[in-house]
Each structure stands twice: as C-alpha cells, then as structure tokens.
Amino acid sequence: MAPCSIIGILGDETLRFRADIRTMTIRAGANTLLPLCTFLLWVGSLSLASAAHAQFDPAAPAPIEKLRGSLILVASGNPTAANLEMFSGLAGGDKANIVLLFLDAEAKASAAPIIRLLQDNLPRGAILTLLSAPELLRSSGPHPQLESATGVWMWCGKSLAAARSKVVKSSLESDLRAVVNRGGVVGGSGHAAVLLGSDVPVQTSSSQKPKSLPGIGLLAGSAIEPTFEGKDKKDEFLDWIRAHPDVVGFGLEPGTALLLRQRYLRCAGPGRIHITIAGNDTRPTRTQTLSGNQTGDLISLSRSARARTHRPFPPSRLPEPKVTSGTLLLGGGGNISRKTISRFIELAGGKDALLLFVPCMQAEEIRGEPGFVGLLKSLGATNVRVFHTKDRKKASEDRSFLDLVRKAGGIWFGGGRQWNFVDSYQHTTTHKLMHEVLSRGGVIGGSSAGASIQADYLGRGDPLGNTNIIAEGYEEGLGFLTGVAVDQHFSRRGREPDLQLLVKTYPQVLGIGLDESTVLWVTGSRGTVEGQGTVTFIHHKRDGSLLERAVLKDGESFDLAARRETE
C-alpha cells in the first residue's frame, strides 16, 4: 500500500467516423449513383425555397468551450487501478491534493472499496481528503478543502436522483467547476459520470418523450450512458438522443473510461466508447466508436449536433460567388511575392492605413512579433497590429478590440489550422465587422489556412488533422467569398481528388484549388491568377453532367459566377 494522508470524514454522512456523406461517397466507389442522386436533389431544389443563408448569423447555436483541466468518466462499477493512476497523474502526481467526495449517505456506506483503491494507487506524497456532500451543504461559507484540491473523485450510491440533488445547481457544482478551471481534474464512475454531462437522461413511459434534467455540465453538450450493453439499454439511450438532437451521446462499455483533456477525448480501457449524434432531414444519424486510445474532439462533435438543429449547411442553393465591394486575396501557401503584399497594402489605403494581422493559433497569447508583421513593416506599412483572441466574449463585446476592426483598411489571415479562426470569430461581432471592412472598400487577404477561411464552405476544418476535406462541425467558413470552397498547397500535396469529392458531395459549391506561391485576386465575380503556379476550378456543369475542370496560370481570369474562363 502506497503511503498517503487521510484527513477526516465530516460528520456522520460523510471518431471510425469521418463526415457521414464522405463515408457514403467512398463506399459507392466507382458507382456514380450517390453523386448523381445528390446532384439531382440539388437541381430540383433550385426551384424551391432554399434555406436562408448568411455568412454572419447571430442566431447560430453558441459553441461549447474547451476545458482548462481534465475529466475522467468511467463506466458503471469500481474504477480500475489504471483509471486512478491516470487520475492522480492529472491531479499532480506526488504533489496531488485529492478529495474523495461522497454525494449522498449511501455513498459513504459503500465507500470502503474506493478508499482502498485510492490508497493503493496514489503516489507517495499525495494527500487524500474524504468529504461528505450532505455535510458540506449543511455548513455555511466556503469549502477550503475543495478550494485547494487539484483533483476530485465523486462517489455515488445507487440513487442517481439523490446524488444529483446534492451537487447540481449547488455550491458544490461551482467548487467542481473551479477545480477544472484552474487546471485540475474531476472524475467519477457510474452515476457520477452521468452527472458530469450537461444533460441527465430521464427515462419515461414509451408513450412520452424522454425527458432531461440538467447535469453539472463539465462535459458540455453531452449525455452519458455508463452501462452501454444489452439491446434494451442501448435502445433507450438512442431514443433519448433522438429526442434531444442538440446533445452528443456517449455510451460507455464495461471497463471503459472516457478521458477529456481540454477538448480532446480519449478512450482508455478494454471497452469502447460509442458516440451518437441524432440524424435529421438532411443528414443521417452520425455514429463513431473509440477504442484502444483512439481520440475524438468534443467541440467538433458538439458543433455538429447543434448545427443539425439550426439551418442546413451548405444550403441547397448558395449565393453566386461575388465580392460586392472591396477586394479579396487568396494565397495557396508558400512564398507570396513582395509585389503582391505591396499591392495588398495599397488596396488597404496605403502605408499609413491600419492593417490587422490575424494569427491562426491555439495559443491564447501571441509572444513576439509574427514574421508577416515584420514583412508588412519592411514594405513601408506604419500602422500594423496583431489581432488575436481565443475569447469569444471579447470578440463580441470588447469595445477597444472591436474598434480595431472598425478602423481597419485591411485584414490578413495567417497560416496554420483554419478551425482556429472559426473557434475565435465565427458569428461574433468581430465576424460581422470583418465583412464591413470589405463593404467600405477595404481588402482581406490570407494564405494557406488564411485563404480557406475566407470561403463560404470551409475545407479541412477537422481539429484532429488536415486530411479530411469534409469535416462536419467545421464546414462553415467566414464567407467573405460566397458559394465556394478553397483548398491550398494544391498541386504539391496532391489534393485534387479531395476537392473533386467535395464538389461531388455538394454540387452547389464551386471548388478552388490554389498552388503554392500563387494567389487569386477577387473583385466582383472575377478571379485573376498571379504567381508561379496555377489555380484549379472544379464545378458541375449547368446541365448536370460530370465535373468540369479549368486550370489557369499567371494573368488569366475566371468568372466565378458564370463558372468559365474570361478575358
């Protein structure tokens, strides 16, 4: 037994899934039935009222936020030694300050096994404190043991309702949230795992809609079934998910743990995690299974579920590709010429105009001066600002932050992973004001990820990697150029088959593939190529036959609305 301290008991009660449509298209193989059916549905829809389309949509569902700490949710039964070793490691190892929190009187009475497991699996030097939720709630004032905890393991009796009544919407919920917000870990098995979700499923009679009660919500936008075995249990949970389509369902097989660190999910243990998102009129039920240390992304899963309850995207009919005022610069990555960047500065209003550089980064703070800022200054720009936040509230409400966009003549989006831009700005006030930069005749530019984000449809938005051009949950770009999807590093990385797949899946979209060291200037509906490589345009013919493909080089132009090369 590893030595650890026990400090009293208070009182007597102490994802493999990749976008569904992509998967279905791949399985069709050489058979063109699915792409053809998709296209015919699109053509037929042109005469019907299509879904409203807006690049900036203040009514869009609010995305969940990443955690600052971690969660461990274990299937019903006692946690394993491996579960607790993982938990104590996240809590600080030999410096861990762990609380075992009994949520009800029955939990205390059945606590001997979990106490022994913790004692046997905590590292030397770790502190273990046993606390009773009923006793804590009878006392007034703060709970210092929880305020200093680096990890809390919740333990429940057999009654989910009794445990829930002690923690949800109580001061203990705030204590648990504070542990995670300061980088700690909260865990639990069985009913405790259920309570960590945002929704607690309530089963009703077959004639009634399955109900939901609020959970603690640390696993945001989610519901847990900790005993995902047997047909009846699975069917009940899947029925509940269908009745609550904005919630992601996680079914845990016996012996399985779900680990969430910030936004990333991992399956630990011999069993599997079954993830379900309800289908709707335009998309089938989405399922994904994690096993053997496979990973998933909670934010993209939640975005997928919530988007399915909003307007369909992409809508069956997109606006024609057109920039009504101002200018766009779409770069394919690699080196962009100084001549091109100088023109960007001129279009923004000249060397004294306010230019904003928007980094594409997960980091909350930018340290040092980004290289592109130095390039702008070397070309004579005198008023360049780094514009960055990961705080969506700041992006919608901070006056000084928003005033920068209101005054900017030009915005440049940096390279990286384009989903970062979505997380920070999509459907915030900043997003709206960026569109207004164009409305007053300004310029928006960017290369690589900074080009893709400008499109209506966002390709390669998966936070888990850039290999999937279709990534449900991250399919919407910032929409400065409507009706298109933009891919980059096009020839060097052999990405044409991916762009063809996207256009076959969504025939209403015009696909644009940008080579490195090449840009596409867009004014009105005209796109003009500049640089060393080529720009490839992929689209369906108007008569519904197979894809058309146009490859343009330096100096050549393409009419994006008419979908043809132009003088």
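Note that the coordinates shown come from a computational prediction; the quantities given were computed from them, not determined experimentally. (Residues numbered from 1 in each chain as written. Predicted model: local features only at pLDDT ≥ 70, side-chain atom pairs only at ≥ 80, totals over all residues. Heavy atoms only, no water.)

Colleague: Describe the overall build of the protein chain, and please don't skip the residues or the numbers.
Modeller: The number of helices and strands found in the protein chain is 20 helices and 29 strands. Classification of the 567 residues of the protein chain by burial places 55% in the buried group. Here the protein chain displays about 23,100 Å² of accessible surface, and carbon together with sulfur accounts for 49% of that area. (Helix = DSSP H or I, 4+ residues; strand = E, 2+ residues; numbered from the N terminus. Buried < 20%, exposed > 50% of the residue type's maximum accessible area, 1.4 Å probe, protein only. Areas by Shrake-Rupley, 256 points an atom, 1.4 Å probe, with all protein chains shown as cover.)

Colleague: Requested: an account of the nonpolar core, with residues and values cited.
Modeller: Counting 98 residues, the largest nonpolar core has Val152, Phe250, Phe413 and Ile512 as its most contacted members. The residues contacting Ile512, other than those within four sequence positions of it, are Leu481, Val484, Ala485, Val486, Asp487, Leu499, Leu520, Val535, Thr536, Phe537 and Leu560. Membership of the second largest hydrophobic core comes to 26 residues, among which are Leu100, Ile115, Trp153 and Trp155. (Core = buried A, V, L, I, M, F, W, Y, C linked by side-chain atoms within 4.5 Å. Contact = heavy atoms within 4.5 Å.)

Colleague: Can you explain helix α16 (residues 399-407)? Please cite residues and give values.
Modeller: Of the residues making up α16, those classed as buried are Phe401, Leu402, Leu404 and Val405. Considered in projection along α16, the buried side chains sweep an arc of 145° and stay on one side of the axis. Set apart from the buried face of α16 by more than 90 degrees, the exposed residues are Arg399, Ser400 and Lys407. (Arc of directions from axis to C-beta.)

Colleague: Hey, could you go over empty space enclosed by the protein for me, with residue numbers and the actual values?
Modeller: As a volume, the second largest cavity reaches approximately 40 Å³. Taken together, Ile64, Glu65, Lys66, Leu67, Leu218, Ala220, Leu260, Gln262, Arg263, Leu298 and Ile299 make up the full set of residues lining the second largest cavity. Counted by class, the lining of the second largest cavity contains 7 nonpolar, 1 polar and 3 charged residues. (1 Å grid on protein atoms, 1.4 Å probe; cavity = no way out; pocket = protein on both sides within 12 Å on 5 of 7 lines; lining within 4 Å. Points joined across faces, edges and corners; volume = space filled by probe spheres on them. Nonpolar A, V, L, I, M, F, W, Y, C, P; charged D, E, K, R; others polar.)

Colleague: For the packing of helix α13 (residues 338-347) against helix α14 (residues 371-378), give the residues involved together with the corresponding values.
Modeller: The interhelical angle for the contact between α13 and α14, taken along N-to-C directions, is 75°, at an axis separation of 10 Å. On the basis of their axis angle, the class for α13 and α14 is roughly perpendicular. Here Arg338, Ile341, Phe344 and Ile345 of α13 lie close against α14, whose contacting residues are Phe372, Leu375, Leu376 and Ser378. Of the residues contributing to the contact of α13 with α14, the split by class is 6 nonpolar, 1 polar and 1 charged. (Axes fitted to C-alpha atoms, helices over the stretch in contact; angles between N-to-C directions. Parallel < 35°, antiparallel > 145°, perpendicular 65-115°, else oblique.)

Colleague: Report on the pairing of strand β2 (residues 70-74), specifying residues and quantitative values.
Modeller: In terms of burial, β2 is largely enclosed, as 5 of its 5 residues are buried. Covered by surrounding structure in β2 are Ser70, Ile72 and Val74 together with Leu71 and Leu73, the residues of both alternating faces. Pairing of β2 with strand β6 (residues 185-189), which is carried by 5 bridges, proceeds in the parallel orientation. Bridge assignment links Val74 to a residue of β6, and that residue is Ser189. In terms of strand pairing, β2 meets strand β11 (residues 257-261) through 5 bridges, oriented antiparallel. Within β11, the position partnered with Leu73 by the bridge is Leu258. (Pairing = 2+ DSSP bridges.)

Colleague: If you had to explain the pairing of strand β25 (residues 526-531) to someone new, which residues and values would you point to?
Modeller: Relative to β25, strand β24 (residues 518-524) runs antiparallel, the two being bridged by 6 bridges. When the bridges of β25 are listed, Leu520 appears paired with Val529. Following β24, the chain reverses through 1 residue before pairing antiparallel with β25. Examined bridge by bridge, β25 and strand β28 (residues 557-559) share 3 bridges and lie antiparallel to one another. Bridge assignment links Gly527 to a residue of β28, and that residue is Phe558.

Colleague: Requested: an account of the layout of surface pockets, with residues and values cited.
Modeller: Empty space within the largest pocket amounts to approximately 690 Å³. Around the largest pocket sit 25 residues that line it, and Ile64, Glu65, Lys66, Leu67 and Lys390 are the ones nearest its centre. Secondary-structure elements contributing two or more residues to the lining of the largest pocket are α9 (171-181), α12 (298-308) and α17 (419-425). Looking at the lining of the largest pocket, its residues break down into 9 nonpolar, 4 polar and 12 charged.

Colleague: So what's going on with the packing of aromatic side chains? Which residues, and what values?
Modeller: If you walk through the whole model with that rule in mind, you get 12 aromatic pairs. Judged by centre distance (6.3 Å) and plane angle (80°), the rings of Phe228 and Phe237 are edge-to-face. Phe237 matches Phe228 in its accessibility class, with the two residues each being buried. With 5.2 Å between their ring centres and 85° between their planes, Phe344 and Trp412 make a pair best called edge-to-face. Here the residue Phe344 occupies a position in helix α13, and Trp412 occupies one in strand β19 (residues 410-413), the gap between them amounting to 68 residues. For the pair shown, Phe344 and Trp412 are each scored as buried. (Phe/Tyr/Trp six-rings, centres within 6.5 Å; stacked < 30°, edge-to-face > 60°.)

Colleague: How would you sum up the sheet that holds strand β22 (residues 481-487)? Please name residues and give values.
Modeller: Read from one edge to the other, the open sheet built from 5 strands follows the order β21-β22-β23-β26-β27, with strand pairing classed as mixed. Each having just a single partner strand, β21 (455-457) and β27 (547-552) make up the two edges of the open sheet. Strand-to-strand twist in this sheet, taken as the mean axis angle between neighbours without regard to direction, amounts to 40°. In this sheet, β22 lies alongside β21 in parallel orientation, the contact comprising 2 bridges. Across the sheet, Tyr457 pairs through a bridge with Ala485, a residue of β22. Contacts between helix α20 (residues 496-505) and the sheet are confined to β21, β22, β23 (510-514), β26 (535-540) and β27, with β26 contributing the most and set at about 30° to the helix.

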